[in-house]
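Notes for the structure review
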Amino acid sequence: MPHRKGSFMNLILTYIRRHIGMFATALFFLSLETLADLMQPTFMSYIVDNGVKGQSISKILMYGAMMLGIAALGALGAVMRNIYASRTSQQISMEMRSDIYRKVQTLSFENIDRLQPSSIITRITNDVTQIQNFINGSMRIMMKAPITCIGAIALIILQTPKQIPMMILILCISFLLIAANMGFGYPRFGRLQRKLDRLNEVSREFLSSVRVVKAFCAQEQEGEKFRSAAEDFAGAGVSAMRVAAVFSPLINLTVNAGIVVLLWLSGSQDNGQIGRLMASVNYMTQVLFSLGMVSNILNTAVRAVASAGRVQEILMEEPAQKQAPQAKSPSGEGGVSFCDVTFSYAGTPEPALEHVTFTAMPGETIGIIGPTGSGKSTLVNLVPRFYDATSGTLFVDGVDVTLLSQEKLRAEIAVVPQKALLFSGTIAENLRWGKPDATDEEIRRAAQIACADGFVQSFPDGYETNLGQGGVNLSGGQKQRLSLARALLKNPRILILDDCTSALDATTEASVLSMLRKQCSGMTVLLISQRISTVMRTDRILCLEDGRVMGFGAHRELLDSCPVYRAIYTSQIGGDRHE
Ligand code: ADP
């Protein structure tokens, strides 16, 4: 992790330090550019006061040539500074994005739930861009503005020392305005980023569920949601920009008014050295320009500070799950045992699971049934440690899972979620996620067990068929079967099926389950299903309601002893059939 303490400058400096060579080179060229800019008016005053007034062509030519040389140096400085500043800021933003991405990969589901995926996306994209703009801008402006400002003021004082009190007054008013600009701007830019999060969330939700939205003709409703989020974002933007819109012209006005007053005072006091007067006005314009730049970069800084806070929140997020110091590997047949396990999602008062106790023996298939929201998915998510139990202990192969290496534990488990997730690429590539070095024969065998081989072979390109993003060119049932084949290819000791046969017709589902039983007899299987006809075929059934175990046993036992199970059975199969 690149940094521990949470200040804005810490974050920026950590990254700048890595590219200190390029950063320093940019600053060197910036100084060259700035000095060249500062020297121009002085030479101009020499040309006017010594050359033009003295009618000396040679002096005009000499000072003119010097000015040209300095201008060329300044231009070289500007070009090189631009190249180095852009390269440094691009490099820093790229690294910051990679660091956030890597960090997110170490976080557990609990952290991700809290941070929100849409907000993580905004942070990786927009927030990093704000910081990049600030770093790039500061390499152009931050150094240039103070040097120009101080240099120009010093030169004005040298040329027209009587104007010091007036200069101080103008500068004080300008700094006060800049400070007010920051004070008002900061909370508004923070709010702007939060509104952008919301807009991203609404867009993501709509795009990932566009079919459902259309099927329910809910475009109007979703459109309204989007419009409201977009309006909020625009409103926050207007409010933040209004601050800049008020203060930037005020700062300009102050300095411009100062120039007029200085000119007037100089005109009435000076002994008629027109070149000096020209130089003073020129320097005053440079002061104005640099103050304008300062107020601009401070606006960028205000956004960058808000963004840096959000980026740091991720970079400093402590993974909710800790790896045990001497993490063990699971070694056994794949037995799973819940011992008085209670689990609550972060920020929710009601536990999703309460005092759950049961044991799945190695090689046993456990059916899990219960109404929606009864905690079935939550229960199986604890086995690969997607979340950790709030109290109680979960044992795999007789060892507390929190003492096992997360990586090795997950290597022994395959999860088939209800929503089959496939990636763009060929079918074979998708299945190889389960086992990168799987042979074609192994892939086919896994697909046969999942009853997927038949439809895959019917495609002209078979296993080399390209899938669109998320497998859009397959039916729900086909995706589920491929997702199961991918899990089987891993040859896990524990297989978790989270209602993953819901999109299959009853006959295909029965074939898949009977193939599984025949071909994968050594695996411990936790099979969630809404259908009683599915769980009836398992060795033992766990019946859940409101996160509590209502019954655990074979089908017939539960029919006799568990009223909740009997009610589900009666509602799905009928009152008097006992299979
Ligand atoms: P089931 O799989 O039986 O439908 P779940 O395990 O998905 O039930 O959910 C059990 C309870 O936990 C529900 O009340 C649900 O709202 C809640 N829940 C599920 N996932 C989360 C989450 N990520 N954050 C907060 N609450 C959740």
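Definitions and limits used
- Residues numbered from 1 in each chain as written.
- Predicted model: local features only at pLDDT ≥ 70, side-chain atom pairs only at ≥ 80, totals over all residues.
- Heavy atoms only, no water.
- Domains from an automatic or database assignment.
- Contact = heavy atoms within 4.5 Å.
- Buried area = accessible area lost by both parts, 1.4 Å probe.
- Salt bridge = Lys/Arg side-chain N within 4 Å of Asp/Glu carboxyl O.
- Polar contact = N/O pair within 3.5 Å; in protein donor to acceptor, adjacent residues only side chain to side chain.
- Nonpolar A, V, L, I, M, F, W, Y, C, P; charged D, E, K, R; others polar.
- Near = heavy atom within 4 Å.
- Pairing = 2+ DSSP bridges.
- Helix = DSSP H or I, 4+ residues; strand = E, 2+ residues; numbered from the N terminus.
- Axes fitted to C-alpha atoms, helices over the stretch in contact; angles between N-to-C directions.
- Buried < 20%, exposed > 50% of the residue type's maximum accessible area, 1.4 Å probe, protein only.
- UniProt positions renumbered as here; feature names shortened; annotations may be inferred.

Regarding the domain arrangement of the protein chain
Here the domain parsing of the protein chain yields domain 1 (4-315) and domain 2 (336-412 + 492-572). If you look at the interface, domain 1 gives 4 residues, while domain 2 gives 4 residues. Summed over both sides, the interface of domain 1 with domain 2 buries roughly 400 Å², with 65% coming from carbon and sulfur. Three residues, Phe109, Glu110 and Asp113, lead the burial of domain 1 against domain 2; their summed loss comes to 89% of the area buried on that side. The interface formed by domain 1 and domain 2 includes 0 salt bridges. At the junction of domain 1 and domain 2, the tally comes to 1 residue pair in polar contact (both at pLDDT 80 or more). The residue inventory of the side of domain 1 that touches domain 2, partitioned by class, reads 1 nonpolar, 1 polar and 2 charged.

Some words on the site of the ligand
For the ligand, the full set of nearby residues is Asp113, Tyr345, Ala352, Pro371, Thr372, Gly373, Ser374, Gly375, Lys376, Ser377, Thr378 and Tyr387. In the environment of the ligand, a nitrogen atom lies 3.2 Å from a nitrogen or oxygen atom belonging to the side chain of Asp113. At 2.9 Å, a side-chain N or O of Lys376 approaches an oxygen atom of the ligand. When its residues are assigned to classes, the shell around the ligand shows 4 nonpolar, 6 polar and 2 charged.

Structural notes on the sheet that holds strand E10 (residues 524-528)
In a beta sheet, neighbouring strands pair by backbone hydrogen bonds and run either parallel or antiparallel. Pairing is mixed in the open sheet, where 6 strands are placed in the order E6-E9-E10-E3-E11-E12. Strand pairing shows two members of the sheet lacking a second neighbour, strand E6 (413-416) and strand E12 (548-553), which therefore form its edges. The mean inter-strand angle of the sheet, taken between neighbouring strand axes irrespective of direction, is 15°. Of the pairings in the sheet, the one linking strand E9 (residues 494-498) to E10 comprises 5 bridges and is parallel in character. Directly across from Leu495, in E10, lies its bridge partner Val525. Where helix H16 (residues 476-489) meets the sheet, it contacts E6 and E9, and its direction lies at approximately 180° from that of E6.

Here we look at unusual backbone geometry
Glycine aside, a negative phi is what most residues show, and trans is what most peptide bonds show. Despite not being glycine, Arg385 has its phi angle at roughly 60°, a positive value. By the secondary structure assignment, Arg385 is in the loop between helix H11 (376-381) and strand E4 (391-396). Arg385 sits in the buried class, given a relative accessible area of 1%. Notably, Asp397 is not glycine yet its phi reads approximately 55°, a positive angle.

Side note on the pattern of salt bridges
The full count for this structure, using the stated rule, is 22 salt bridges. Residue Arg102 is joined to Asp99 by a salt bridge in which the shortest nitrogen-to-oxygen separation is 2.8 Å. Taken together, the residues Arg102 and Asp99, both in helix H3 (residues 57-106) and 3 residues apart, mark about one turn of the helix. A salt bridge links Arg493 to Glu412; its shortest N-O distance comes to 2.9 Å. Here Arg493 is found in the loop between H16 and E9, whereas its partner Glu412 is found in the loop between helix H12 (406-411) and E6, with 81 residues between them in sequence. Under the relative-accessibility criterion, Glu412 is labelled partly exposed at 23%. Salt bridges linked by common partners bring Arg18, Glu95, Asp99 and Arg102 together as one network.

Topic: the UniProt feature "transmembrane region" (unreviewed entry) in the protein chain
Mapped onto this numbering, the UniProt entry annotates "transmembrane region" (unreviewed entry) at residues 60-84, 141-158, 164-186, 243-267 and 287-306. Taken as a whole, residues 164-186 contains 100% helix and 0% strand, while its terminal C-alpha atoms sit 33 Å from one another. End C-alpha to end C-alpha, residues 287-306 measures 28 Å, and it is 100% helix and 0% strand.

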